[in-house]
Amino acid sequence: VLAASKTYETGANILVTPVSSSDPVAISLGLLRESSDPTRDVQTASQLIANIDVAERAARQLNDGKSPEALLGSVKAEPVANSNIVAVIASEGSAVEAQEVANAFAAAAVAERTKQMHEEIEERLPRLEAIAAENQGPGVEAPDEGGVSVAGEIAELQALEAGPDPTLRVQTKASLPTGQSSPKKKLSIIAGIIAGLIIGIGGAFALQVLDPRLRRESQLR
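In this report, the structure presented in the accompanying data block is examined. This is a predicted model, so every value here is computed, not measured.

For helix H3 (residues 52-62), every residue scored as buried is listed here: Val-54, Ala-55, Ala-58 and Ala-59. On an axial view of H3, the arc spanned by its buried residues comes to 135°, and they lie on one face. For H3, the elements touching its buried residues are helix H2 (38-49), helix H4 (68-73) and helix H5 (95-135). Where H3 terminates, the next one or two residues include Asn-63, which has phi positive at roughly 50°.

Attention now moves to the pattern of salt bridges. On inspection of all chains with the given rule, the structure shows nine salt bridges. A salt bridge links Lys-66 to Glu-92; the nearest nitrogen and oxygen atoms lie 2.7 Å apart. With a gap of 26 residues between them, Lys-66 in the loop between H3 and H4 and Glu-92 in strand E3 (residues 85-92) connect regions that are remote in the sequence. Residue classification places Lys-66 among the partly exposed residues on the basis of a relative accessible area of 22%. One salt bridge in this structure joins Lys-115 and Glu-112, with 3.5 Å as the shortest N-O distance. In this pair, Lys-115 and Glu-112 both sit in helix H5, three residues apart, roughly one turn of the helix. Each of Arg-57, Glu-112 and Lys-115 takes part in one network of salt bridges that share partners.

Let's shift gears to the pairing of strand E2 (residues 75-79). Looking along a regular strand, one sees the side chains alternate between the two faces of the sheet. Sheet topology note: the E2/E3 ladder contains five bridges and is antiparallel. Looking at E3, one finds that Val-75 is bridged to Ala-90. Hairpin connection, E2 to E3: the antiparallel pair is bridged by five residues, and Asn-82 has positive phi, about 55°.

So, on to the sheet that holds strand E1 (residues 8-16). Strands sit in the order E2-E3-E1-E4 across an open sheet of four strands; the sheet is antiparallel. Two strands close off the open sheet at either side, each with one partner strand: E2 and strand E4 (168-172). Averaged over all pairs of adjacent strands, the angle between their axes in this sheet comes to 30°, without regard to strand direction. Packing against the sheet, H5 makes contact with E1, E2, E3 and E4, and its axis sits at approximately 20° to E1.

Calculation notes
- As a convention, each chain's residues are numbered from 1 in the sequence order in which they are written.
- Where totals are concerned, whole chains, interfaces and linings use all residues; where local detail is concerned, this predicted model gives features only for residues with pLDDT of at least 70, and gives and counts side-chain atom pairs only at 80 or more.
- Hydrogens and water molecules were not included; the side-chain quantities draw on all heavy atoms of the structure.
- Any residue under 20% of the maximum accessible area for its type is buried, any over 50% is exposed, and the rest in between are partly exposed; the area is computed with a 1.4 Å probe on protein chains only.
- The numbering of helices and of strands both runs from the N terminus, where a helix is a DSSP run of H or I of at least 4 residues and a strand a run of E of at least 2.
- By definition, the arc is the one covered by directions from the helix axis to the C-beta atoms.
- When checking whether two residues touch, look at their non-hydrogen atoms; a contact exists if any pair is within 4.5 Å.
- Criterion for a salt bridge: a side-chain nitrogen of Lys or Arg within 4 Å of a carboxyl oxygen of Asp or Glu.
- Strands are treated as partners if at least two bridges between them are detected by DSSP.
- What counts as an axis is a line fitted to C-alpha atoms, over the stretch in contact for a helix, and the angles between N-to-C directions run from 0 to 180 degrees.

In structure tokens, the structure reads:
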């Protein structure tokens, strides 16, 4: 217990709200799509949160000298059972550091997904606006977009561009942990005592079995 390094753990919660599968514009942007299995949606979101791109952004935000790889190794994204929440859990050597890393990583995940969405929108909007200008009207149907008009697609893209990724949102920030997560002193000491007794008793029996000396009359007979 004295030799083990102390670890503090805390987590921020990200709310996952996939876009409807009937929204072709949002789906074409690569946003998290709603499926028939909500559990799979949250698991997919976990993979989008815990990756090196998010770690690089979080490392720049923290600016504490820790590499993105090291930061990614101290963070895990886990679905919360029977919910649409992903917990971003950080394990660090101090309570303050764990809180800062969890909050930075959660914010970076939303920011990274937002950046990717905005880049896709910025690439598509000029082309659609040019099509609308050429046809001089809002009634032109956009090809390969499920019958959505050019004007309708432009309006939806502009609305999305004005905000963050609608599928991920930091629901609750990480709180300051009140105690260390490991080592657990009482549990470690109890386990050590039990293990010591087992080893001691086993060693005593082994010494008795392996001792070649005769100690009793029955042994001599």
